[in-house]
Amino acid sequence: MRTSRTIRALTTSAALALALGGFAASPAFADGTPHGGHILLNARLVGSMPAPDSPAVAGINPGAAPWVNGPSRVRVRDNGNITVQIRGLVIPPPRGTGVNPIASVVATLVCDQQVAASTTPFALSTAGDGSTHDVIAVPRHCDDPVVLIQPAANRAVYIASTTADKRSHAEHDD
């Protein structure tokens, strides 16, 4: 009899601890996502065109060749979580072969026309496919956020960005 009371007391204590732990963790899920933080930017990525067709962003010029891509997206949260999915980012003929010549890229967050932070380099296949989930330092105030995709070996240029389609900045679909 005494053993069953002890087991019941332990079971009740464990259930209470789990319930309280769930409440303590709930702020991380406040926006309905397991990553926490509010969405700062949720946008499509678009390949860059040589200047003047694509603008300089925070003093960083677009690449010298035109780039195209398939469905590609970036999401940045105010807590620094960044997710990037790139599909088919290549230089098309006649200037290119339709193959991506860059082995790795970084995603760079720009706030108020100032470079804020970049992801660690991630691979981009010859088909122009790549993705990353990383954490970057997001400034406390980040107005007019833009993400640039830059060759990891040449951060003086960008090859895709969220700037080409201004309508995508307002998208917040999860």
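Please refer to the structure placed before this passage.
Residues numbered from 1 in each chain as written. Predicted model: local features only at pLDDT ≥ 70, side-chain atom pairs only at ≥ 80, totals over all residues. Heavy atoms only, no water.

**Concerning the environment of valine 135**
Item 1. Relative to the helices and strands, valine 135 is located in strand β9 (residues 130-135).
Item 2. Note: C-alpha distance between valine 135 and arginine 77 (58 residues apart in sequence) is 9.3 Å.
Item 3. When residues no more than four places from it in sequence are discounted, the contact partners of valine 135 are Asn79, Gly80, Asn81 and Ile82. (Helix = DSSP H or I, 4+ residues; strand = E, 2+ residues; numbered from the N terminus. Contact = heavy atoms within 4.5 Å.)

**Observations regarding the pairing of β9**
Item 1. Burial of β9 is one-sided: the residues Gly130, Thr132 and Asp134 facing one way are buried, the residues Ser131, His133 and Val135 facing the other way are not.
Item 2. Both strand β5 (residues 81-86) and β9 contribute to a ladder of 6 bridges, which runs antiparallel. Looking at β9, one finds that asparagine 81 is bridged to valine 135. (Buried < 20%, exposed > 50% of the residue type's maximum accessible area, 1.4 Å probe, protein only. Pairing = 2+ DSSP bridges.)

**As for the nonpolar core**
Item 1. Residues Val84, Ile86 and Ile149 are the most contacted members of the largest nonpolar core, which totals 27 residues.
Item 2. Contributions of two or more residues to this core are made by β1 (39-44), β4 (73-77), β5, β6 (104-111) and β10 (146-151).
Item 3. The biggest single contributor to this core is β6, with 4 residues.
Item 4. If sequence neighbours within four positions are ignored, isoleucine 149 has contacts with Leu45, Val84, Ile86, Leu89, Val105, Val106, Ala107, Tyr158, Ile159 and Ala160. (Core = buried A, V, L, I, M, F, W, Y, C linked by side-chain atoms within 4.5 Å.)

**Regarding the sheet that holds β1**
Item 1. A sheet is described by the order of its strands in space; here 4 strands give the open sequence β1-β4-β5-β9, paired in antiparallel fashion. Two strands lie at the open edges of the sheet, namely β1 and β9, each paired on one side alone. The average angle at which neighbouring strand axes cross in this sheet is 5°, direction not considered. (Axes fitted to C-alpha atoms, helices over the stretch in contact; angles between N-to-C directions.)

**Re the side chain of threonine 162**
Item 1. For threonine 162, the position within the fold is in the segment after β12 (160-161).
Item 2. Its relative accessible area of 0% is what places threonine 162 among the buried residues.
Item 3. Within polar-contact distance, the side chain of threonine 162 engages the backbone nitrogen of valine 147 at 3.1 Å. (Polar contact = N/O pair within 3.5 Å; in protein donor to acceptor, adjacent residues only side chain to side chain.)

**Quick word on the side chain of aspartate 134**
Item 1. As for its placement among the helices and strands, aspartate 134 is situated in strand β9.
Item 2. No salt bridge is formed by the buried aspartate 134. Its closest oppositely charged neighbour is arginine 155, at 9.4 Å.
Item 3. Of the polar contacts made by the side chain of aspartate 134, one reaches the backbone nitrogen of threonine 120; its length is 2.9 Å.
Item 4. Dropping the residues within four chain positions of it, aspartate 134 is found in contact with Gly80, Asn81, Ile82, Thr119 and Thr120. (Lys, Arg positive; Asp, Glu negative; His and termini not counted. Salt bridge = Lys/Arg side-chain N within 4 Å of Asp/Glu carboxyl O.)

**Here's the deal with the pairing of β4**
Item 1. Bridge analysis of β1 against β4 gives 5 bridges, and the strand direction is antiparallel. Across the sheet, the residue bridging to alanine 43 is valine 74, located in β4.
Item 2. As defined by bridge partners, β4 adjoins β5 across 4 bridges and the pair is classed as antiparallel. Across the sheet, the residue bridging to valine 74 is valine 84, located in β5.
Item 3. Between β4 and β5, which pair antiparallel and follow one another directly, the connecting turn spans 3 residues, one of which, glycine 80, has a positive phi of 100°.

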